[in-house]
Amino acid sequence: MNREEQLGRVRDRSTPWDILIIGGGATGVGIAVDAASRGYDVLLLEQSDFGKGTSSRSTKLVHGGVRYLEQGNVSLVMEALKERGILRENAPHLVRDLAFIVPNYEWWEAPFYGVGLRLYDILAGKYGFGPSSNLSREEALARIPTLRDDGLRGGVIYYDGQFDDARLLINLAQTAFEQGATLVNYCRVVKLLRGAEGFIQGAIAHDEESGEEMEIRARVVINAAGPFADGVRKLSDPGEAPLLAPSQGIHLVFDRSFLPGDHAIMVPHTADGRVMFAIPWHGHTLVGTTDTPIQEATLEPMPQEQEVEFILETAGRYLLRAPQRAHILSAFAGIRPLVRSGEGKNTAALSRDHTIHIDRSGLLTIVGGKWTTYRNMAEDCVNHAETLGALEERPCVTRHLKVHGYHRKAEKFGDLAVYGTDAVTIQDMIRTRPEFGTRMHPRLPYCAAEIVWAARAEMARTLEDALSRRTRALQLDARAAIEMAPRAATLLATELGRDRGWVTAQVGSFVRLAGGYLVGDADARQ
Ligand SMILES: Cc1cc2nc3c(=O)[nH]c(=O)nc-3n(C[C@H](O)[C@H](O)[C@H](O)COP(=O)(O)OP(=O)(O)OC[C@H]3O[C@@H](n4cnc5c(N)ncnc54)[C@H](O)[C@@H]3O)c2cc1C
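Conventions and cut-offs
- Residues numbered from 1 in each chain as written.
- Predicted model: local features only at pLDDT ≥ 70, side-chain atom pairs only at ≥ 80, totals over all residues.
- Heavy atoms only, no water.
- Helix = DSSP H or I, 4+ residues; strand = E, 2+ residues; numbered from the N terminus.
- Rg over C-alpha atoms; globule rule 2.2 N^0.38 Å.
- Buried < 20%, exposed > 50% of the residue type's maximum accessible area, 1.4 Å probe, protein only.
- Contact = heavy atoms within 4.5 Å.
- Areas by Shrake-Rupley, 256 points an atom, 1.4 Å probe, with all protein chains shown as cover.
- Lys, Arg positive; Asp, Glu negative; His and termini not counted.
- Charge placed at Lys NZ, Arg CZ, Asp CG, Glu CD.
- 1 Å grid on protein atoms, 1.4 Å probe; cavity = no way out; pocket = protein on both sides within 12 Å on 5 of 7 lines; lining within 4 Å.
- Points joined across faces, edges and corners; volume = space filled by probe spheres on them.
- Axes fitted to C-alpha atoms, helices over the stretch in contact; angles between N-to-C directions.
- Parallel < 35°, antiparallel > 145°, perpendicular 65-115°, else oblique.
- Nonpolar A, V, L, I, M, F, W, Y, C, P; charged D, E, K, R; others polar.
- Near = heavy atom within 4 Å.
- Polar contact = N/O pair within 3.5 Å; in protein donor to acceptor, adjacent residues only side chain to side chain.
- Expected span 1.5 Å × (residues − 1).
- Left-handed = near helix turned anticlockwise from the far one by under 90°.
- Phe/Tyr/Trp six-rings, centres within 6.5 Å; stacked < 30°, edge-to-face > 60°.
- Lys NZ or Arg CZ within 6 Å of the ring centre and 35° of its normal.
- Salt bridge = Lys/Arg side-chain N within 4 Å of Asp/Glu carboxyl O.

Participant: I tried to follow the overall build of the protein chain on my own but got confused; where do I start?
Facilitator: Looking only at helices and strands, the protein chain features 16 helices and 20 strands. Taken over C-alpha atoms, the radius of gyration comes to 23 Å for the protein chain, in line with the 24 Å a tight globule of 526 residues would show. The principal-axis extents of the C-alpha atoms in the protein chain amount to approximately 70 × 55 × 45 Å. Burial status across the protein chain gives 61% buried among its 526 residues. The long-range share in the protein chain, meaning contacts at least 24 apart out of those at least 6 apart in sequence, stands at 71%. Summed over all atoms, the accessible surface of the protein chain reaches about 20100 Å², with 52% contributed by carbon and sulfur. Side chains of the protein chain give 60 positive and 67 negative charges; the mean places of these two sets differ by 2 Å.

Participant: What am I meant to see in the layout of surface pockets here?
Facilitator: With a probe scaled to a water molecule rolled over the atoms, the places where space remains empty come into view. There is about 820 Å³ of room inside the second largest pocket. His93, Arg96, His282, Ala417 and Val418 are, among the 35 residues lining the second largest pocket, the residues nearest its centre. Those elements that place two or more of their residues in the lining of the second largest pocket are helix 4 (74-90), strand 4 (96-104), strand 13 (276-281) and strand 20 (444-447).

Participant: How should I be thinking about the packing of helix 4 against helix 10 (residues 374-388) in this particular structure?
Facilitator: When two helices pack together, their arrangement is given by the angle between the helix axes and by the axis-to-axis distance. Two elements in contact, helix 4 and helix 10, have axes separated by 8 Å at closest approach and are oriented at 105°. Taken together, the axis directions place helix 4 and helix 10 in an arrangement best described as roughly perpendicular. Each of Glu79, Glu83, Ile86 and Leu87 in helix 4 lies in contact with helix 10, whose residues at this interface are Tyr374, Arg375 and Asn376. In terms of residue class, the contact of helix 4 with helix 10 is made up of 3 nonpolar, 1 polar and 3 charged.

Participant: Teacher, can you tell me more about the site of the ligand here?
Facilitator: Lining the immediate environment of the ligand, one finds 38 residues, of which Thr27, Glu46, Ser55, Leu61 and Thr372 sit closest. Glutamate 46 places a side-chain nitrogen or oxygen 2.7 Å from an oxygen atom of the ligand. Protein chains shield 96% of the accessible area of the ligand, which is 1000 Å² for the free molecule. Looking at the shell around the ligand, the elements that each hand over two or more residues are helix 2 (26-37), strand 8 (187-194), strand 11 (247-255) and strand 16 (330-336). Residue composition of the shell around the ligand, grouped by class: 14 nonpolar, 18 polar and 6 charged.

Participant: Is there a simple way to think about the side chain of histidine 441 in this case?
Facilitator: With respect to the secondary-structure elements, histidine 441 resides in strand 19 (residues 439-441). Discounting chain neighbours no more than four positions away, the residues touching histidine 441 are Tyr446, Ala480, Glu483 and Met484.

Participant: I would appreciate a short explanation of helix 5 (residues 109-124) in the present structure.
Facilitator: Since one α-helical turn is 3.6 residues long, residues separated by three or four positions face the same way. Here helix 5 contains 16 residues, and its C-alpha end-to-end distance of 22 Å stays within 8% of the 22 Å for a straight helix at 1.5 Å per residue. When helix 5 is considered as a whole, its buried residues turn out to be Glu109, Tyr113, Gly114, Leu117, Tyr120, Leu123 and Ala124. On its buried face, helix 5 sits against helix 3 (66-70), helix 4, strand 4, strand 5 (133-136) and strand 6 (154-162). Taken from the residues just after helix 5, glycine 125 is the one with a positive phi, measuring 50°.

Participant: When you look at the packing of helix 4 against helix 5 in this model, what are you seeing that I'm missing?
Facilitator: Between helix 4 and helix 5, the least distance of the axes is 9 Å, while the angle of their chain directions is 60°. By the angle between their directions, the pair helix 4 and helix 5 is classed as oblique. Between helix 4 and helix 5 lies a crossing whose hand is right-handed. Here helix 4 contributes Val74, Val77, Met78, Leu81 and Arg84 to the contact with helix 5, which in turn contributes Tyr120, Leu123 and Ala124. Residue classes in the contact of helix 4 with helix 5 are distributed as 7 nonpolar, no polar and 1 charged.

Participant: Whenever I open this one, the packing of aromatic side chains confuses me. Can you help?
Facilitator: The description of two aromatic rings rests on the distance between their centres and on the angle between their planes. This model, assessed by the stated rule, comprises 10 aromatic pairs. When the centroid spacing of 5.3 Å and the interplanar angle of 80° are considered together, the rings of phenylalanine 163 and tryptophan 371 count as edge-to-face. Of this pair, phenylalanine 163 sits in the loop between strand 6 and helix 7 (165-178) while tryptophan 371 is found in the loop between strand 18 (364-368) and helix 10, placing the two residues 208 residues apart along the sequence. Given the relative accessible area of 3%, phenylalanine 163 is considered buried. On the basis of relative accessible area, tryptophan 371 is assigned to the buried category, the value being 10%. With a centroid separation of 5.4 Å and an interplanar angle of 55°, the aromatic rings of phenylalanine 254 and phenylalanine 258 are classed as tilted. What makes phenylalanine 258 buried here is its relative accessible area of 3%. Grouped by ring-pair contacts, the aromatic residues Phe100, Tyr120, Tyr158 and Phe277 constitute a single cluster. Across the ring face of tyrosine 406, the terminal group of lysine 402 is positioned such that the distance to the ring centre comes to 4.9 Å.

Participant: Even after reading the chapter, I still don't get the environment of glutamate 411, so can you show me in this structure?
Facilitator: Topologically, glutamate 411 is positioned in the loop between helix 10 and helix 11 (422-432). In this structure glutamate 411 comes out as exposed when scored by relative accessible area, which is 58%. Along the chain, glutamate 411 and arginine 194 lie 217 residues apart, while their C-alpha atoms are 50 Å from each other.

Participant: Just to check I follow, could you spell out the pattern of salt bridges for this structure?
Facilitator: Any two side chains of opposite charge can pair, given that their charged atoms come close. On inspection of all chains with the given rule, the structure shows 45 salt bridges. Taking the shortest distance from any N to any O, the salt bridge between arginine 67 and aspartate 291 comes out at 3.8 Å. Of the two residues, arginine 67 sits in helix 3 while aspartate 291 sits in the loop between strand 14 (284-288) and strand 15 (292-293), which places them 224 residues apart along the sequence. Assessed through its relative accessible area of 16%, arginine 67 is described here as buried. Between glutamate 208 and arginine 188 there is a salt bridge, with its nearest N and O atoms 3.2 Å apart. With glutamate 208 in the loop between strand 9 (200-207) and strand 10 (213-223) and arginine 188 in strand 8, this pair connects stretches of sequence that are 20 residues apart. A relative accessible area of 36% places glutamate 208 in the partly exposed class. Residues joined in a network through salt bridges with shared partners are Asp49, Lys52, Arg57, Glu300, Glu464, Asp465, Arg469 and Arg470.

See below:
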């Protein structure tokens, strides 16, 4: 994928696109894959980088959602469990099985969660990842030696999926591109264009790099702007009532010593009735999340003080060594694009189903859902778009469409496993230029070739793109990401044809941004 080439396609276009998608998160990119693979002419515009919104800030679980089962939303759980199985089939280099243990400290927990998780297995049917079972105290501690043993009675083990959200998003963007879609990052839709009868016919897009404005015509315009979807709807009609009740969730990342094995912890009921996970991720321990209603979505939401305290306090109840603020390597926040339910006081109880809404102007908005169900959401959305845009009806083919990088035994590539088949090309780069094989930081598994690859093949445009969403350095260890920033920026500058001034500016803005991820490090935030 090359941004200049993609932009050239937009400039050269003289006829309307079949479908214009606003937003390059899981929802928008999933729609681009679906629509392009049906043979439609598709353009996707993302105002920032692909995945800059919620889709790089999830808990990284491909799951049915045990909590939704408790809420009685059986159809959502079944749909998500099926999609979980399909995603593992189509992107095995990025999705893996993960064993979760629900620790039991009360007598009723083993039978209660045991039965609930057996139902979870049954709902997965042929898409199951493995049967759940009850564990004795010794069995639970053998699997997670860092579990608090004081009062522990045993546990329930069950299986779900884990992935790398931003990596999957980039691979999906590449898949859409290979299917013929045009995708441009750093290109914001600033205006929606209406025809004589008042229906949306296109948009004005602003190239955030050059400042150029482009007029785009399309038969259907899809608003997949996630937490920003109401803002896009207002471009069409400022009087539109909001669809969303956004809610923020944060994660804290610690080193591997807090969860040294390959099992995760699932806490089904925190002190305030939420679900919390501690999971091993890329050699670190990821803990989250919260559910805090917020007024307005921003591109770089900040963890709130009480959210950090809440996660530290909850983790401390379940881990032998309670993590302290100074142990936090990175903290990041994401915003759920939840659909309003009327009164809606408690966002934890709001619907996680997706919603398709068509405004009077013909703008098709899709919001809600989960990462796990992106494929199914896309299928539903393109079916609606076919009707709305009077497009020739064509069947969805994504059920068996392999995601870019597809590889069944990617673990053989070691630290490059997340690249799937692309790992071979990256290894070749290192063979030709051995200096590309050097590590970027002693605490992180990334090498210089990955930064170069990000610019060459994955449309990374900024230092943040390379360190946050192509590699995951910023989310794993913000201090290490800051320390590798000057070298990474220099590598990027060579690839992108930028000068020293660009390097200095990129490092400066990245260090400012990364300061927000250093919640354990008060000095860094000043
Ligand atoms: C804390 C948290 C944990 C989660 N954990 C999980 C999990 O473990 N598993 C799971 O399945 N789901 C999870 N989810 C849900 C999942 O992450 C979201 O449902 C999904 O990422 C939403 O994707 P999206 O594309 O709708 O939104 P986004 O990813 O936010 O994408 C919308 C994009 O639209 C762009 N945009 C906005 N306005 C414009 C404009 N005018 N022009 C161009 N572009 C524009 C934005 O920049 C943004 O990139 C979690 C969510 C949160 C918040």
